[in-house]
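Here's the letter readout for the chains.
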Amino acid sequence: MFKNISGTAAVALLTAGDNVSKIKEIRFTNTHAGFVTSIDLYVESNSLGKFYIAKGLVVNAGNTIVLENGFDFDNTTTGYSLYIELSANVTMDVIILKS
């Protein structure tokens, strides 16, 4: 799955009901030439709350960060959505590899 995001508002990478419960790897590439950003990556459910996978993870301009250990979560209709927030208004490419 490929996403291109920008801005500082939370963006859903996966919404509850997408049924992608096993993620092998996520790649974050800051495509901006001059600005550093940090990312918050978390799962959230209206009834169960927010849980961070990564908070304040710095991605330098033009660089890529890879979360390669993978994780499982309940992504059914009654489960969690996966969100990302950027600290600066840059463009970020996100690639999610499913298990």
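Just above sits the structure.
Below is a short write-up of the structure. Nothing here was measured: the structure is a model prediction, and the numbers come from that model.

1. Topic: the overall build of the protein
No. 1: Within the protein, the regular secondary structure consists of zero helices and nine strands.
No. 2: Secondary structure elements of the protein, listed N to C terminal, follow the sequence β-β-β-β-β-β-β-β-β.
No. 3: What you see for the protein is a C-alpha radius of gyration of 13 Å, in line with the 13 Å of a compact globule of 99 residues.
No. 4: Its C-alpha atoms put the protein at 40 × 25 × 20 Å along the principal axes.
No. 5: Per-residue burial for the protein yields a buried fraction of 33% across its 99 residues.
No. 6: Intrachain contacts of the protein at a sequence separation of at least 6 include 78% that bridge at least 24 residues.
No. 7: For the protein, the accessible surface area stands at approximately 5400 Å², while carbon and sulfur atoms represent 49% of it.
No. 8: Distance between charge centres in the protein, computed from 7 positive and 9 negative side chains, equals 3 Å.

2. What to know about the nonpolar core
No. 1: Core analysis: the largest hydrophobic core is formed by 23 residues, its most contacted members being Ile 23, Ile 26, Leu 82, Ile 84 and Val 94.
No. 2: Within the residue set of this core, elements represented by two or more residues are strand S2 (11-14), strand S3 (22-30), strand S4 (37-45), strand S5 (49-59), strand S8 (81-86) and strand S9 (91-98).
No. 3: The contact partners of Ile 84, leaving out residues within four places of it in the chain, are Ile 5, Ala 9, Ala 10, Val 11, Leu 13, Phe 28, Ile 39, Asp 40, Leu 41 and Val 94.

3. Observations regarding the pairing of S9
No. 1: One ladder, built from five bridges, connects strand S1 (residues 2-6) with S9; its direction is antiparallel. Across the sheet, Lys 3 pairs through a bridge with Val 94, a residue of S9.

4. Topic: the environment of Leu 13
No. 1: Within the element layout of this structure, Leu 13 appears in strand S2.
No. 2: Taking the C-alpha atoms as reference, Leu 13 lies 9.1 Å from Met 1; in sequence the two are twelve residues apart.
No. 3: In this structure, Leu 13 is in contact with Met 1, Lys 3, Leu 41, Leu 82, Tyr 83, Ile 84, Val 94 and Ile 96, ignoring residues within four places of it in sequence.

5. A few points about the environment of Leu 67
No. 1: Considering the arrangement of structural elements, one finds Leu 67 in strand S6 (residues 64-67).
No. 2: Owing to a relative accessible area of 25%, Leu 67 belongs among the partly exposed residues under this scheme.
No. 3: Considering only alpha carbons, one finds Leu 67 and Phe 28, 39 residues apart in sequence, at a separation of 8.4 Å.
No. 4: In contact with Leu 67, not counting residues within four places along its chain, are Lys 24, Glu 25, Ile 26, Phe 28, Leu 41 and Leu 57.

6. Brief notes about the side chain of Asn 75
No. 1: Here Asn 75 lies in the loop between strand S7 (71-72) and S8.
No. 2: Classification of Asn 75 as buried rests on a relative accessible area of 0%.
No. 3: Separated by 2.9 Å, the side chain of Asn 75 and the backbone oxygen of Tyr 80 make a polar contact.
No. 4: Those residues within four positions of Asn 75 in sequence are excluded, and the remaining contacts are Leu 14, Thr 15, Ala 16, Gly 17, Asp 18, Asn 19, Val 20, Ser 21, Tyr 80 and Ser 81.

About the thresholds
- Residues numbered from 1 in each chain as written.
- Predicted model: local features only at pLDDT ≥ 70, side-chain atom pairs only at ≥ 80, totals over all residues.
- Heavy atoms only, no water.
- Helix = DSSP H or I, 4+ residues; strand = E, 2+ residues; numbered from the N terminus.
- Rg over C-alpha atoms; globule rule 2.2 N^0.38 Å.
- Buried < 20%, exposed > 50% of the residue type's maximum accessible area, 1.4 Å probe, protein only.
- Contact = heavy atoms within 4.5 Å.
- Areas by Shrake-Rupley, 256 points an atom, 1.4 Å probe, with all protein chains shown as cover.
- Lys, Arg positive; Asp, Glu negative; His and termini not counted.
- Charge placed at Lys NZ, Arg CZ, Asp CG, Glu CD.
- Core = buried A, V, L, I, M, F, W, Y, C linked by side-chain atoms within 4.5 Å.
- Pairing = 2+ DSSP bridges.
- Polar contact = N/O pair within 3.5 Å; in protein donor to acceptor, adjacent residues only side chain to side chain.

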